[in-house]
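# Fold and contact review
Okay, here's what each chain looks like letter by letter:
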Number of protein chains: 4
Amino acid sequence: MRMDPISLYDYEARAREVLPHNYWEFIEAGAMDEIATARNRAAFEALTMRPRFMRDTAERKIATTVLGTDISFPVMISPTDAHSNAHPDAECATARGAGMSNTLMMCSTNSNCSMEEVAHAATGPLWFQLSHRSYDLTENLVKRAEAAGYRAIVLTIDAPFPSPKERDIRNRYERPGEYGNFREQLKLASESGEPPPWEAQECPPITWRELEWLRSLTGLPLVLKGLRVAEDARKAVEHGVNGILVSTHGGRRFDSTMSSIEMVPGIVAATGGKAEVYVDSGVRRGSDVLKALALGATAVAVGRPLYWGLAVNGAEGVHHMLEILREEFDRAMAYCGQNSVDNLEERLLNIPREWGPFRTENDI
Amino acid sequence: MRMDPISLYDYEARAREVLPHNYWEFIEAGAMDEIATARNRAAFEALTMRPRFMRDTAERKIATTVLGTDISFPVMISPTDAHSNAHPDAECATARGAGMSNTLMMCSTNSNCSMEEVAHAATGPLWFQLSHRSYDLTENLVKRAEAAGYRAIVLTIDAPFPSPKERDIRNRYERPGEYGNFREQLKLASESGEPPPWEAQECPPITWRELEWLRSLTGLPLVLKGLRVAEDARKAVEHGVNGILVSTHGGRRFDSTMSSIEMVPGIVAATGGKAEVYVDSGVRRGSDVLKALALGATAVAVGRPLYWGLAVNGAEGVHHMLEILREEFDRAMAYCGQNSVDNLEERLLNIPREWGPFRTENDI
Amino acid sequence: MRMDPISLYDYEARAREVLPHNYWEFIEAGAMDEIATARNRAAFEALTMRPRFMRDTAERKIATTVLGTDISFPVMISPTDAHSNAHPDAECATARGAGMSNTLMMCSTNSNCSMEEVAHAATGPLWFQLSHRSYDLTENLVKRAEAAGYRAIVLTIDAPFPSPKERDIRNRYERPGEYGNFREQLKLASESGEPPPWEAQECPPITWRELEWLRSLTGLPLVLKGLRVAEDARKAVEHGVNGILVSTHGGRRFDSTMSSIEMVPGIVAATGGKAEVYVDSGVRRGSDVLKALALGATAVAVGRPLYWGLAVNGAEGVHHMLEILREEFDRAMAYCGQNSVDNLEERLLNIPREWGPFRTENDI
Amino acid sequence: MRMDPISLYDYEARAREVLPHNYWEFIEAGAMDEIATARNRAAFEALTMRPRFMRDTAERKIATTVLGTDISFPVMISPTDAHSNAHPDAECATARGAGMSNTLMMCSTNSNCSMEEVAHAATGPLWFQLSHRSYDLTENLVKRAEAAGYRAIVLTIDAPFPSPKERDIRNRYERPGEYGNFREQLKLASESGEPPPWEAQECPPITWRELEWLRSLTGLPLVLKGLRVAEDARKAVEHGVNGILVSTHGGRRFDSTMSSIEMVPGIVAATGGKAEVYVDSGVRRGSDVLKALALGATAVAVGRPLYWGLAVNGAEGVHHMLEILREEFDRAMAYCGQNSVDNLEERLLNIPREWGPFRTENDI
């Protein structure tokens, strides 16, 4: 009998075996030359740990809290598009997998299942990822998210402009499944003959003004996803943002940027403790979680790996993928002599000398 | 039906399919071990961007002005030898392609078409690239360029000595097509039995003295192409030069130098704002344009890619190649939160720490 | 006739030929992505030597003393698990090989032969590597080691938690041979039906408190194996530790750490001369020995290479493998103009600029 | 017809075609893992030039003088063992080739031809490379060198100990040809039944004392070959040495050292202008010559390339190989805007930031 996958890379390899080529490539690809995608991983690997032994780590607290919500370990599910790329049960399966691992899933505006269906299927906490398309639509989505029990709004800010991946263009990739959150709008659009709102070219941009409006619209905590520089992090805090998900969008929208993990120290410093910081893009090993937390992040999130888990074994695959990370992270805690995720220090790491302070940040 | 190329690398790959091997290699090769050619690209890739989101970038001004001439975006066509390497219509086709994209072409002294033919074919602005061979010939070329409506003289200074590429020697490469600018001289030479002037070994060198003479010869703006160090940039400005095209000649003439883009910051600083700075050698992505401008360049230029566009689809290919760069650059502007090419700042970049200030420039 | 191996890499290649795949991989593999294993070697290779010629090096003293025990050259045998992975005579053969080279072997708690059998077979000095499982068991092991003539206790501290290598999991690797040191305990466990103590999950952790207890338990010198950071080295000295074996466990237990040799300078400085420092993980050439000593180590140890020697030719193979290192080291001494291992200086090396002082150690 | 080689790499490739495998490998191999050999080349490639255009370089003086002897360009032939590895005419052919290029050959103690035969064949200047074996033998060799018209003694100091290359051991390489300089000694040894002096294990070491003795023995200029560190260079000058040939012995004797070219700046500084500095190991391009001179060397020398030239075409091959370097160097001078080898400055280079000052040289 074939052995269960024992690492996220196993899930990746097996997902490739079972997925149609176009879906596999949709999941795997990065923008343009995929330099940012590669850098995300390389940066995690360039960071090394400085293990402390001779400490009693028999008891290790790896559970944590993100914006007041308890999760069993500091790994969350990043919001990603159309999970039916990987499994017919789509986001509902992902939510069940995350729930089995007692962690949080961020559900995407562009899910195949509706947010209400996901909320119904979920056994763990949910945040709603918001892609702003129009004021009306955003208000509709936010109010529904509140009603459905989502505990925070994660506003994606790093996709201001369409940016199809070249592998998807070459594959003539077509997104599978429906837009679960927009069934009503689609029906209206179909009746009126107008394009659905999210296809309109006249989408208002997302600026600090939209953020203020959104801040006033809902009492839910707000997370900004995709913010990349310390300057903006300071501004975000001033605008009442509660969390920042440092992300390169997996390198999927814009190439030739720094890696996520490289940006964390500057952004953490800029928040002055007034917002939580999370990071995704490139997390593949439990040690990456420890590294992110030692740099000041509260938790990490995974994107591509959730598709891999889903593709290989549905909700169980997502759950098992998360459990691999949990075990690896827990082991990294033990090896680093740490008893609690609450006080991991930068001293646990050896930071490459070529990492910051970046010249251009001297004058912040 | 085969898909249109979606990146400059697609054009490169398809050009290889359609070109005779010797012409393909002529275009692709660099000098000697091709280290400089590789470094040109590597340096662009090592520079990363620091995107700013949350800004309204719905309106983006990417048109700019080079020495008073409007171009629709800051990408120009570098002067390169003998476009009939790639297409029978040679420089006339290139000029039409550049014009379709409303940008500027620099036409080479060693074009197959004459500068007058190119001027006739062109719908966009032209600069004339000058290879100094003799005072008489240079005066003849400059006066004709003025008469034909060329708007600036681009004096190439980085080819003081013959330096055939080794791939060309191995291929026994023979330059195709005629010397369109020298038909009269060729006829005279043929009648007199003497070699044409550009083959003479006694060419006067190009020095600051020749530059003074040239400066006095014409009222057209002067651009120096190939200048590599800050010291010389300061001197150029003192000699009344209006623009500097930072270039390694695509790594085609002299190997083992720095990359073009690495040299830009020092040269921009040295000009003190008294000359415009452009850069070619290694530009393959719209993000490269943004990077160059953020370092202080006014525009970039492309060399090899114009051959690729020409080879694949003539004027249309050149045009489409430029439009790909335009779309990529425009998207990079949006992702970096920028509304205008006029105020891109170095802060948009994360400059590798191993880049300057170079030890040897401490004492400039 | 086939030539004798002439380098440790030859032994590696030949071991691969003769070993069953699973045993070969057990020996070769590192933890997870094997980044630490690779870094161990890369770091040695990045260090370069600054040879001094013009000195009379006809007489070279390479014999040294570790914790009062003479060895014929500063290379020891690291303690490693189950030598019957490589040879049926297991640790007894290794001990004979080390003795033929007049150097020291550290014998593992998890040996196949019992420590008494190894002591009987050995002709050279022995240290006993201790894996703490329970107070009773440790006391039993230490007392037996004293009785059997072991000259120091090497406490392994860098395996606080099970961490099977992924290659071993994939191979469904099963450890060969018996637990020679636990025959009595196994018999008791078998009779009582309880698991043997080293399989218990309730093993007490190894902390500074256990170290104090162990320090009071025996008059033998104590060595800590696996300590990684300067902070802990200072603490170890305060706790009466006599030696520190800087080790990454060959990268076999925990990935993504610094290399052993990179950690040596900081640890040597932290001991203030109050403990000897040794290093293993990545030693493959005699020049590595010189490098380690020039950074302040007293001796090095080899792990994987002992298996290779054993696999190829039993005790003779271990001996010959050591003799290759001796000859290479001796030659490195001559080339570096050194007459004695007692006064090798850091000035003999060119240390990569990207090596420390590490940012996180500034405040030690 | 096959094209003539156009670079030293062509000579290398063709030499491989024509040489017996064992001789090819003897020439190509470096010591142990060949890291030093690779680093020699990589360091030259990491150095980049900062070309200066706009200067009149029509007249370029590339002839120079080494210890008072004129050579037509600053490239010499390094002393290497047994040229009959490459050609039956051995060193006599090499000397003819060097003479055709009007440059200097250093003839090895271990030549196949005798130094007198080489002197007879040579049309250019010669230096005699001395391997010290015994006082008698050295005196014999030096006196013969004086008598035969050699103009300097090049004492090799970086081979204090036998160090066969691993490729040669694997190949059971046997040195071809005779020891041309020791025919008389061989005859005597043969008659007496004793081993020839250079095979004696009791060779006296070469130390500063032997240097003093040698200095008093001859009025010829003295060059030290293989000195690697600034400290020793200062000492050499104090001992009346006239030249230093910075060399890693092509990485053939001792691995894991710095590259030759990296060592040049420190050694040049240490000589304080009181000795000339040359460099070999890794020179393959004319630009390498310019780089070495810009760092303060007076000339370079080539080792492996002379074998390649010899193997491909005897004396003509050596000559042509040198002419390729001459043309490349001359072109590099023109591109760098230089008129004379006498005043090349470090400012012509961009020195990698990771090069010195080395930490360990701070306290020199």
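Residues numbered from 1 in each chain as written. Chains lettered and ligands numbered in written order. Predicted model: local features only at pLDDT ≥ 70, side-chain atom pairs only at ≥ 80, totals over all residues. Heavy atoms only, no water.

### So, the overall build of chain A
A tally of helices and strands in chain A yields 13 helices and twelve strands. Against the globule reference of 21 Å for 364 residues, chain A gives a C-alpha radius of gyration of 20 Å, in line with a compact fold. When the backbone C-alpha atoms are referred to their principal axes, chain A occupies close to 70 × 60 × 40 Å. When the 364 residues of chain A are sorted by exposure, 66% land in the buried category. (Helix = DSSP H or I, 4+ residues; strand = E, 2+ residues; numbered from the N terminus. Rg over C-alpha atoms; globule rule 2.2 N^0.38 Å. Buried < 20%, exposed > 50% of the residue type's maximum accessible area, 1.4 Å probe, protein only.)

### Thoughts on the relation of the copies chain D and chain B
If you rotate chain D by 90° and push it 0.0 Å along the axis, it lands on chain B with an RMSD of 0.0 Å. Between the two chains, the operation in question is that of a four-fold axis. Closest approach to the rotation axis within chain D is made by the C-alpha atom of Glu-354 of chain D, at a distance of 5.8 Å. An overlap of only 6% is found between the interface residues of chain D and their copies at the interface of chain B, pointing to separate contact surfaces. (Least-squares fit on C-alpha atoms with pLDDT ≥ 70 in both. Contact = heavy atoms within 4.5 Å.)

### Some points on the interface of chain C and chain A
Each side of the interface is counted separately: chain C has 43 residues, and chain A has 37 residues. In total, about 3,600 Å² of surface goes out of reach between chain C and chain A, with carbon and sulfur atoms giving 56% of it. Arg-285 of chain A serves as the salt-bridge partner of Glu-166 of chain C, at 2.8 Å between the closest nitrogen and oxygen. When contributions to the side of chain C that touches chain A are tallied by element, the ones reaching two or more residues are α3 (35–46), α7 (166–170), α9 (208–217) and α10 (230–238) of chain C. The biggest single contributor to the side of chain C that touches chain A is α7 of chain C, with three residues. Among the residues making up the side of chain C that touches chain A, the classes are represented as 20 nonpolar, seven polar and 16 charged. (Buried area = accessible area lost by both parts, 1.4 Å probe. Salt bridge = Lys/Arg side-chain N within 4 Å of Asp/Glu carboxyl O. Nonpolar A, V, L, I, M, F, W, Y, C, P; charged D, E, K, R; others polar.)

### Observations regarding the pairing of strand β7 (residues 153–156) of chain A
Residues and elements named next belong to chain A. What you see with β7 is no split at all: Ile-153 and Leu-155 on one side and Val-154 and Thr-156 on the other are buried throughout. Across three bridges, the pairing between strand β6 (residues 126–130) and β7 is parallel. Each residue of the ladder has a partner; that of Gln-129, found in β7, is Val-154. Where the polypeptide runs from β6 across helix α6 (residues 135–148) and back to β7, its parallel neighbour, the crossover connection is right-handed. Sheet analysis places β7 next to strand β8 (residues 222–225), joined by four bridges and oriented parallel. The residue bridging Val-154 from the neighbouring strand is Val-223, located in β8. (Pairing = 2+ DSSP bridges. Right-handed = clockwise from strand over helix to strand, strands pointing away.)

### Overview of the side chain of Ser-78 of chain A
Residues and elements named next belong to chain A. In this structure, Ser-78 sits in the loop between β4 (75–77) and α4 (90–100). Looking at Ser-78, the relative accessible area reads 2%, which means it is buried. A distance of 2.7 Å separates polar atoms of two side chains, one belonging to Ser-78 and the other to Asp-280. Each residue touching Ser-78, except ones within four places of it in the same chain, is listed here: Met-106, Asp-280, Ala-301, Val-302, Gly-303 and Leu-306. (Polar contact = N/O pair within 3.5 Å; in protein donor to acceptor, adjacent residues only side chain to side chain.)

### Describing the interface of chain D and chain B
Facing 36 residues of chain D, the contacting portion of chain B comprises 43 residues. In terms of surface lost to chain B, no three residues of chain D exceed Phe-53, Met-54 and Tyr-335 of chain D, which account for 24% of the buried area on that side. Linking chain D with chain B are six salt bridges. The interface formed by chain D and chain B holds 14 residue pairs in polar contact (both at pLDDT 80 or more) in total. Elements that contribute at least two residues to the side of chain D that touches chain B include exactly α1 (8–18), α3 (35–46), β1 (48–49), α13 (304–335) and β12 (349–350) of chain D. Per element, the largest residue contribution to the side of chain D that touches chain B is six residues, and it comes from α13 of chain D. Taken together, the residues that form the side of chain D that touches chain B break down as 16 nonpolar, four polar and 16 charged.

### Describing the relation of the copies chain C and chain A
Both copies of the chain are related through a single rotation about an axis accompanied by a shift along the same axis. For the pair chain C and chain A, the best superposition has an RMSD of 0.0 Å and corresponds to a rotation of 90° with a translation of 0.0 Å parallel to the axis. Of the interface residues in chain C, just 7% have counterparts in chain A that sit at the interface too, so the contact is made through distinct surfaces.

### As for the environment of Thr-257 of chain B
By the element assignment, Thr-257 of chain B lies in the loop between β9 (243–246) and α11 (260–271). Distance in space between the C-alpha atoms of Thr-257 of chain B and Thr-37 of chain B is 9.2 Å, their sequence separation being 220 residues. Apart from residues lying up to four places away in sequence, Thr-257 of chain B is in contact with Ala-36, Arg-39, Arg-228 and Thr-248 of chain B together with Thr-48, Met-49 and Pro-51 of chain D.

### Description of the packing of α1 of chain D against α13 of chain D
Residue and element names in this part refer to chain D. The geometry of α1 relative to α13 is characterised by a closest axis approach of 10 Å and an angle of 175° between their N-to-C directions. As far as their axial angle goes, α13 and α1 are roughly antiparallel. Of the residues in α13, those in contact with Leu-8, Tyr-11, Glu-12, Arg-14, Ala-15 and Val-18 of α1 are Pro-305, Trp-308, Gly-309, Ala-311, Val-312, Gly-317, His-320, Met-321, Ile-324 and Leu-325. (Axes fitted to C-alpha atoms, helices over the stretch in contact; angles between N-to-C directions. Parallel < 35°, antiparallel > 145°, perpendicular 65-115°, else oblique.)

### A short note on the environment of Ala-121 of chain C
For Ala-121 of chain C, the position within the fold is in helix α5 (residues 115–121). We classify Ala-121 of chain C as buried; its relative accessible area is 16%.

### Thoughts on empty space enclosed by the protein
Using the criterion set out here, one finds 13 cavities of 30 Å³ or more in the structure. There is about 70 Å³ of room inside the largest cavity. If you go around the largest cavity, the residues you meet are Arg-41, Phe-44, Glu-45, Arg-285, Ser-287, Asp-288 and Lys-291 of chain A together with Met-32, Asp-33, Ile-35, Asp-255 and Ser-256 of chain C. At the level of secondary structure, the elements contributing two or more residues to the lining of the largest cavity comprise α3 (35–46) and α12 (286–294) of chain A. Taken together, the residues of the lining of the largest cavity break down into three nonpolar, two polar and seven charged. (1 Å grid on protein atoms, 1.4 Å probe; cavity = no way out; pocket = protein on both sides within 12 Å on 5 of 7 lines; lining within 4 Å. Points joined across faces, edges and corners; volume = space filled by probe spheres on them.)

### Regarding α3 of chain D
Residue and element names in this part refer to chain D. Under the 1.5 Å per step criterion, the end-to-end length of α3 is 16 Å for twelve residues, consistent within 8% with the ideal 16 Å. For α3, the complete set of buried residues consists of Ala-36, Thr-37, Asn-40, Arg-41, Ala-43 and Phe-44. Mapping the buried residues of α3 onto a view down its axis gives an arc of 155°, with all of them on the same face. For α3, the elements touching its buried residues are α1, α11 (260–271), α12 (286–294) and α13. (Expected span 1.5 Å × (residues − 1). Arc of directions from axis to C-beta.)

### Observations regarding the pattern of salt bridges
Here the structure, examined in full by the defined rule, presents 108 salt bridges over all chains. A salt bridge links Arg-167 of chain D to Glu-34 of chain D, with the nearest nitrogen and oxygen atoms 3.0 Å apart. Here Glu-34 of chain D lies in the loop between α2 (21–28) and α3 and Arg-167 of chain D lies in helix α7 (residues 166–170), a separation of 133 residues in the sequence. The residue Glu-323 of chain D makes a salt bridge to Arg-326 of chain D at a minimum N-O spacing of 2.8 Å. Placement of both Glu-323 of chain D and Arg-326 of chain D in helix α13 is noted, with a separation of three residues, approximately one turn of the helix. Looking at Arg-326 of chain D, the relative accessible area reads 17%, which means it is buried. A network of salt bridges, in which partner residues are shared, links Asp-10, Arg-285 and Glu-328 of chain A together with Asp-33, Glu-166 and Arg-170 of chain C.

### Considerations on the pairing of strand β10 (residues 276–279) of chain A
All names here are of chain A. Of the pairings in the sheet, the one linking strand β9 (residues 243–246) to β10 comprises four bridges and is parallel in character. The residue bridging Gly-243 from the neighbouring strand is Glu-276, located in β10. At this point the chain moves from β9, through helix α11 (residues 260–271), to the parallel β10, and the crossover so formed is right-handed. When β10 meets strand β11 (residues 299–302), the two strands line up parallel, connected through two bridges. Residue pairing across strands places Tyr-278 opposite Ala-299, the latter belonging to β11.

### Quick look at the state of the cysteines
All names here are of chain D. Counted according to the given criterion, the structure contains zero disulfides over all chains. Cys-92 supplies the cysteine sulfur nearest to Cys-113, a cysteine that is in no disulfide, at a spacing of 3.5 Å. Of the residues examined, Cys-113 reaches a relative accessible area of 9% and is grouped as buried. (Disulfide = S-S within 2.5 Å.)

### Focus on the packing of helix α12 (residues 286–294) of chain C against helix α13 (residues 304–335) of chain C
Residues and elements named next belong to chain C. Contact geometry for α12 and α13: axes closest at 7 Å, N-to-C directions at 55°. The orientation of α12 with respect to α13, classified from their angle, is oblique. Note on packing geometry: the crossing formed by α12 with α13 is right-handed. Every residue of α13 that contacts α12 at Gly-286, Ser-287, Val-289, Leu-290 and Leu-293 is listed here: Leu-325, Glu-328, Phe-329, Ala-332 and Met-333. Here the contact of α12 with α13 is built from residues that sort into seven nonpolar, two polar and one charged. (Left-handed = near helix turned anticlockwise from the far one by under 90°.)

Everything listed is a geometric property; what it means functionally is a separate question.
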